[in-house]
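What follows is each chain in one-letter form.
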Amino acid sequence: MSEHLATVIWRRNDQTFVDSRFSREHLWKFDGGAEVKASPSPHVVPSPFSVEENVDPEEAFVASLSSCHMLFFLHFAARGKFVVDEYLDNAIGVMGKNAEGKMAMLRVRLRPIVTFSGDGAPDEDQIRQLHRRSHEECFIANSVKTEVTVEMQRC
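Right, let's walk through the structure included here. (Residues numbered from 1 in each chain as written. Predicted model: local features only at pLDDT ≥ 70, side-chain atom pairs only at ≥ 80, totals over all residues. Heavy atoms only, no water.)

**Focus: helix α1 (residues 57-79)**
Part 1 of the argument: Its 23 residues give α1 an end-to-end C-alpha distance of 33 Å, which sits within 8% of 33 Å, the value for a rise of 1.5 Å per residue.
Part 2 of the argument: Every buried residue belonging to α1 is among V62, L65, S66, C68, H69, F72, F73, F76 and A77, and all of these are buried.
Part 3 of the argument: Taken together, the buried residues of α1 touch β4 (83-89), β5 (92-97), β6 (103-109), β7 (112-117) and α2 (124-137).
Part 4 of the argument: Just downstream of α1 lies K81, where phi reads positive at about 65°. (Helix = DSSP H or I, 4+ residues; strand = E, 2+ residues; numbered from the N terminus. Expected span 1.5 Å × (residues − 1). Buried < 20%, exposed > 50% of the residue type's maximum accessible area, 1.4 Å probe, protein only. Contact = heavy atoms within 4.5 Å.)

**A few points about the layout of surface pockets**
Part 1 of the argument: By volume, the second largest pocket amounts to about 190 Å³.
Part 2 of the argument: Along its surface, the second largest pocket is lined by S41, H43, V44, D56, E58, E59, V62, G93, V94, M95 and M105.
Part 3 of the argument: Of all the elements in the fold, those that place two or more residues in the lining of the second largest pocket are α1 and β5.
Part 4 of the argument: Of the residues assigned to the lining of the second largest pocket, the class counts are five nonpolar, three polar and three charged. (1 Å grid on protein atoms, 1.4 Å probe; cavity = no way out; pocket = protein on both sides within 12 Å on 5 of 7 lines; lining within 4 Å. Points joined across faces, edges and corners; volume = space filled by probe spheres on them. Nonpolar A, V, L, I, M, F, W, Y, C, P; charged D, E, K, R; others polar.)

**A look at the nonpolar core**
Part 1 of the argument: C68, F72, F73, F76, A77, F82, Y87, V114, F116, I127, L130 and C138 form the largest nonpolar core, which has 12 residues in total.
Part 2 of the argument: Mapped onto this core, the elements with two or more residues apiece are α1, β7 and α2.
Part 3 of the argument: If you tally residues by element for this core, the top one is α1, at five residues.
Part 4 of the argument: Excluding residues within four positions of it along the chain, V114 makes contact with F73, V84, E86, Y87 and H131. (Core = buried A, V, L, I, M, F, W, Y, C linked by side-chain atoms within 4.5 Å.)

**Considerations on the packing of aromatic side chains**
How two aromatic rings sit relative to each other is given by the distance of their centres and the angle of their planes.
Part 1 of the argument: Applying the stated rule across the entire model yields seven aromatic pairs.
Part 2 of the argument: Taking the centre distance of 5.9 Å and the plane angle of 55° together, the rings of W10 and F17 count as tilted.
Part 3 of the argument: Judged by its relative accessible area of 34%, W10 is partly exposed.
Part 4 of the argument: A relative accessible area of 41% means that F17 is categorised as partly exposed.
Part 5 of the argument: Taken together, a centroid distance of 4.5 Å and an interplanar angle of 25° make the contact between F17 and F22 stacked.
Part 6 of the argument: On the accessibility criterion, F22 (11% relative accessible area) is buried. (Phe/Tyr/Trp six-rings, centres within 6.5 Å; stacked < 30°, edge-to-face > 60°.)

Shown next, in the form of structure tokens:
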């Protein structure tokens, strides 16, 4: 078992708060030192209270599914002795109301384009198998219905 940490930081600064007219821009920090500027989607919170250039949670969700799938695909391709030169995925997540009437990511479409080289490039059936296996093993895809708990912490 392993743990994966993320720190999310938001500060009010000199803005009012109770009128809901405050920036939702925040920062994600990861244990390796990476920092990502984050914000709600402008589709959810209009500008100037969101920052379109920043990553929003919905985009991060789609990217994490795509990235996880890709990493397994590369792993299985290498084990199969297939040489991957490039992997490009223009993944799309679709938001809408779920069966309970709540906004949710209803579906994510991964649309990978994989370029191979060498004499032993896989055929279409082998590529399909690599994607099937990658989807079955992807930690994030296997976690979509995961339990989420809130553990309040004190300053």
